[in-house]
Structure formats: C-alpha cells, structure tokens
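Observations on the model geometry
Chain by chain, the residues run as shown.
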Amino acid sequence: MSFPHSPKALALKSQLFSLAQKTKNPFIANKLHAQIIKSGLNHHHPFPKTLINVYAKCGLLQHALKLFDALPHRDHVAWATILSACNISNLPHKAFSISLPILQQGLQPDHFVFSSLIKACANLGSVYLKQGKQLHGLFLLSPFSEDDVVKSSLVDMYAKFELPDYGRAVFDSISELSSVSWTAMISGYARSGRKVEAIKLFRQSPFKNLYAWTALISGLVQSGNATDALYLFVEMRREGVSIADPLVLSSAVGACANAAVWELGKQVHGVVISLGYESCLFISNALVDMYAKCSDLVAAKYIFCEIRRKDVVSWTSIIVGTAQHGLAEEALTLYDDMVMAGIRPNEVTFVGLIYACSHVGLVKKGRALFKSMVEDFGIRPSLQHYTCLLDLFSRSGHLDEAENLIKTMPFKPDEPTWAALLSACKQHGNTKMAVRIADNLLDLKPEDPSSYILLSNVYAGAGMWENVSKVRKLMAVKEVKKEPGYSCIDLGRESQVFHAGEASQPMKDEILGLMRKLDAEMKKRGYVPDTSSVLHDMDQQEKERQLFWHSERLAVAYGLLKAVPGTIIRIVKNLRVCGDCHTVLKLISTITSREIYVRDAKRYHHFKDGKCSCNDFW
C-alpha cells in the first residue's frame, strides 16, 4: 500500500488539483477516483476533500455528497468544501439544508464556512434576508469577525438583496479593500438604481478591471438605466479594456434590448462576432431577445436557428418574441417543437404562450396550457400567469369566467388586474359588470393615470356623474399626473426624441406641414378624433389639438420625411399608445404605404396596410 506522502500520492494529488482548475470532465474525475481507491489512498487526507471539490466542478454533486457523507470526521475544511460544492453546482438550497447540523450541533463556523453560507444566502435572493442577517450577526460574534474575505461576501450578499446601505457599512469596515470588495459595492449601488453613487465609486476604485466594468454596466441594465449602461460600454471600449469574459457583452446586448436601439444593437452584435463570442449560448440568447425587442423578428429567428444547442432560454426568448409581435400560431408551433426537442419549459415560457393565446382568442388552448403547466410540469402559477389567463378570458368575452378567476386565484388582485378586466367590460359593452369592477378598482386608490381615465369613462358611460366627480377629486388629492409622453425614432446613424406637445427642432415647419396634410387625408377617409383619453376639462377643439401633438405622430412624420423611402419606421414610446393615435397610425400606414413599428409600454404594434398586429386590443 502506498503512503499519503509517497511520490505516487503526491503525483495523484497534483493531478487532482490540476483537474479542479483546468477541466470539468466527469470521466477523468471518476478515473482518478478509481486510481485513488486502488492505491489505498481513499481515506487519506486530503484526497476525499479534494475529490469533493473536483466532482462539484464536474457537475457531479451527488458523488461529492456521497464522499462527504462517508467522511469519518468532518472538520471545517470538509464543511467549507461541500458547501462550496453546492454553490458551484448552483444549489444554494442544498447548501443551507446540509449546513443545519453544523449550526445546530454548536460547531462554530470558521471564515471559510461563513463565506460559503453567505454566498449561498446571496444566491437565494432577498427572501433569505432574515437568514443573511442572522449569519451576519453570528459572524460579528465569532473569532473571525475581522476577516475581510467574509466581509466581502457580505457586501456581495447585500448588493444582491439590493440593500446597498447595509453593504456600504460593511464595505467601510474592511481594512484592506480588494478588487472583489470594490466590485461588489459598485454592483450594489448599480443594481439598486443609485447610478450616481455607483459611477462615483467606480471612478474612485483602484481596480477598474473588466469585472468592475461588468458589475457597473450589468447593474445599471438591471435597474433600468440602459442608456447610461451603453454610454459606459462605449467608454470601456475606447479605453481598450480587454474583454476576456463575455458577460459584459451580454449586458450591453441587454441594454440595447431594453432601450430598443436597433442600430446600436447591430453594432454590439458586430463586436460580439469580432471577439469570437458568437457561439456563446447566453450571448446568442441575449441577441435573440434584443432583436425581438427591437422589432426585428427576422434577425431574432436567424440567430435562434443558428444556435446549435438550444436551451430553455433560447426557446423561451423566441416564443415570447413571436407572441409579443402578434404571431400566436407561430409561437404555439415553436412550443410544440421545443417539447419535441426534449426541452422542459419554464414559468416565462407559459407567460408567453398564454399571452399569445389571448391575442387570437384561443381560449380552449390557453386553458389547456395553464392546466399543463401545473399538472405536467409542476409549475406553480404566479400572479403574472393568472393575469395572462384573465386577459385571455376578458378579450374573448368570457367576462364571468374572468371575474370568477379574480375571486378564486390565490393572489390579491392588484391595480393592473382589475384595470384589465374593467377595460374588457368597457370593450364588450357590459356596463353593469363594468361599474362593479370599477368600484373594486376605485377602492384601491390607483396610482396609474390610465386607470383614472378608464374609471372616468366607465362611470360617464353609465351616467354616474357623481362617481366621475369622485374620480377627479381623488386624482386631485393624490396629485395624479400623467407622465409626459415621448417617442424615440431610430434612423440608423441618428435617433430623435419627440415629447408630446413639442416640435422644437429645425424641421418643425416640415413636420407640421406633413402632419396637417395627413390629417386632412385621414378626415376624407372618415377619421373622427377620439378624445376620450384626454383627462383635462377643455372644449372639443382643444382636446383634438392635444391629440394632434402626441409624440408618436411627431416621430412618424419625422420618419416619413427623413428615413430612406420604403424602409420600416421604428419608434419606441414610453407610454401606451392611446386609442386615437392607434387609429391614426393605421391610417398613415395605408396612406403612405409604409410599415410602422411601435414599441409602447405594453406591447409591440406592427402597422401595415391599415391593420395592426395587436388586432386592435392592447
């Protein structure tokens, strides 16, 4: 039998460490394990613990757990190793469940165990905030309370919980700030939407490496600051930071998707190709999502078809993309292909599918999908799933079934839920139910200005003028103000932003001239302005003038004047397109024989030949 410190043992040890660092091949891990057993070294330190780590990195956590369970003595190193293995395998729940004995038996965690448990807690999300704070308290009372590595883990945990002030308190207590500490704190501010503090801290950091840039950019994207993220990405490229890890590219693509900047998205795609990351799965998935959100479904489909090993994110991205663009039948066909390919759908997949059904009235299919989600795939429906199902019933005129769903679902209906049903009642002319639903919505004292417009119109339609007055008084008390509308048009090398009621730019006269010509032509074709969305007390003529100055109309006129003839006009609007503008854009698409794509706050609209992909209900 060989001894633990024999040349053969040391050689095996070296092989294992090399394996852990350089390869993730399960076959090699099993082969080396067999060699250790044959050599009689399987009970000698440090091979079992090293193997636990190796198996985890090879994706064989069950093998690692068996080795851990077989250990005759589990010291701090063993605990830290198996907890780290759970984190590597992305099973933080497992890390917590197996850590209970070490805490219940009174074994004091050391700094390695603390770091692993805190990391697991961070990966589980803010629902584990209580456990995270308890770990923080245990750490402060332990002999390791000054350990900077554990403190860095705490900063990262609070960053992921979006509690940057907690993280900053820990950050300021670290004696020797490392790159990890700085990056975690920058990420904490960025993810929480505190971009000024995030950028300021980044500028102060002595570690402006790729990981710091990635933390800042990805955090800003997550918190909805896509434009700032893109400016920083351009700055990073200008500074020549080497992109050895493609995660920052994924964030840049995501920023283009959120801001719907099609031309810039294509340029980032070019960077991806030039750096050789086009075959990276999560980059490809991000590109599918980006092109779909930028209304270029042809490019999204092409990228999707080029992915060799599609995962659930790949399929879900293209399914949701086609559904949002009104291609319900295509989305359902893709789902069938996904199941045939052996890919298990997730929660987001079913949101997209039920959403698709709602836009073509496939009630039976929507019910079947909801049932399959629960019974076949064991997915617990979220409020979003119930809202999509409610939308399906409402659009299709199944109002009683929609109301019953609201009453029986295991979630308290929120403002958007009641508003969706109320809108459907108004659409289908069910005044009696509309008034009943309106009362429920009014009791919530809604925040969204569009909810007040809906309430006012419903009560006015029912002749309930006292309720109309009540709605207006509530708006005054809550100081409800409609968010200023703006629309951005992307013309390739340039983009222009138009705000409602403004046309203060060099082409103002040309824009207004074209708008008046289009308005005259539309009225010849029977167009009558719908002023029901105008809340202000003013005469009919003034209301019509307000509609005339809506931002999407200004953007479309500019696009017709400036874009290459025959090309698609792409517009992004921060608010929902009002009913009158929706009618106007359909008419303009016919008059000018142009396709107009509008992404508003709710969905995508493809206007062509006087029709819209949303089937006039959004």
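Structure first, text after, so check above.
The following paragraphs examine the structure supplied in this document. Just so we're clear, the structure is a prediction, and the values are computed from it rather than from any experiment.

Some details on the overall build of the protein
Along the backbone of the protein there are 32 helices and 6 strands. Burial status across the protein gives 51% buried among its 618 residues. Put simply, of all contacts in the protein between residues at least 6 apart along the chain, 63% involve residues at least 24 apart.

Let's talk about helix α32 (residues 579–592)
Taking 1.5 Å of rise per residue, 14 residues should cover 20 Å, and α32 covers 20 Å from first to last C-alpha, within 8% of that figure. Backbone geometry just downstream of α32 places Ser593 in the positive-phi region, at approximately 55 degrees.

Examining the packing of helix α16 (residues 262–274) against helix α17 (residues 281–293)
The packing of two helices is summarised by the inter-axis angle and the distance between the axes. It is the contact of α16 with α17, at a shortest axis distance of 11 Å, that shows an interaxial angle of 165 degrees. The pairing of α16 with α17 is recorded here as roughly antiparallel in orientation. Crossing angle aside, the handedness with which α16 passes α17 is left-handed. Contacts between α16 and α17 pair Trp262, Gly265, Lys266, His269 and Val272 from the former with Ile283, Leu287, Met290 and Tyr291 from the latter. A per-class count over the contact of α16 with α17 returns 6 nonpolar, 2 polar and 1 charged.

Brief notes about helix α9 (residues 148–160)
Taking 1.5 Å per residue as the helical rise, α9 with its 13 residues ought to reach 18 Å, and the 18 Å between its terminal C-alpha atoms agrees with that figure. With 10 of 13 residues buried, α9 lies mostly within the body of the structure. Those residues of α9 that sit buried are Asp148, Val150, Lys151, Ser152, Ser153, Leu154, Val155, Met157, Tyr158 and Ala159. Taken together, the buried residues of α9 touch α7 (111–124), α8 (129–141), α10 (164–171) and α11 (179–191).

Here we look at the side chain of Asp296
Here Asp296 is to be found in the loop between α17 and α18 (297–306). In this structure, Asp296 is buried with no salt-bridge partner, the nearest side chain bearing the opposite charge being Arg570 at 4.6 Å. Sequence-distant contacts of Asp296, defined by excluding residues within four places in its chain, comprise Trp262, Tyr291 and Arg570.

Some details on the nonpolar core
With 138 residues, the main nonpolar core has Met236, Leu249 and Leu422 as its most contacted residues. The element that contributes the greatest number of residues to this core is α7, accounting for 8 residues. Once you skip the residues sitting within four places of it in the chain, Leu249 turns out to touch Phe233, Ile243, Val268, Val271, Val272, Leu275, Tyr277 and Ile283. One finds Met507, Met522, Leu554 and Val556 within the second-largest nonpolar core, a separate group that totals 33 residues.

A short note on the packing of α11 against helix α13 (residues 210–222)
Contact geometry for α11 and α13: axes closest at 7 Å, N-to-C directions at 15 degrees. Judged by the inter-axis angle, α11 sits roughly parallel to α13. Crossing of α11 against α13: the hand is right-handed. In contact with Thr183, Ile186, Ser187, Ala190 and Arg191 of α11, α13 contributes Tyr211, Ala212, Ala215, Leu216, Gly219, Leu220 and Gln222. Across the contact of α11 with α13, the residue classes break down as 7 nonpolar, 4 polar and 1 charged.

Calculation criteria
Residues numbered from 1 in each chain as written. Predicted model: local features only at pLDDT ≥ 70, side-chain atom pairs only at ≥ 80, totals over all residues. Heavy atoms only, no water. Helix = DSSP H or I, 4+ residues; strand = E, 2+ residues; numbered from the N terminus. Buried < 20%, exposed > 50% of the residue type's maximum accessible area, 1.4 Å probe, protein only. Contact = heavy atoms within 4.5 Å. Expected span 1.5 Å × (residues − 1). Axes fitted to C-alpha atoms, helices over the stretch in contact; angles between N-to-C directions. Parallel < 35°, antiparallel > 145°, perpendicular 65-115°, else oblique. Left-handed = near helix turned anticlockwise from the far one by under 90°. Nonpolar A, V, L, I, M, F, W, Y, C, P; charged D, E, K, R; others polar. Lys, Arg positive; Asp, Glu negative; His and termini not counted. Salt bridge = Lys/Arg side-chain N within 4 Å of Asp/Glu carboxyl O. Core = buried A, V, L, I, M, F, W, Y, C linked by side-chain atoms within 4.5 Å.

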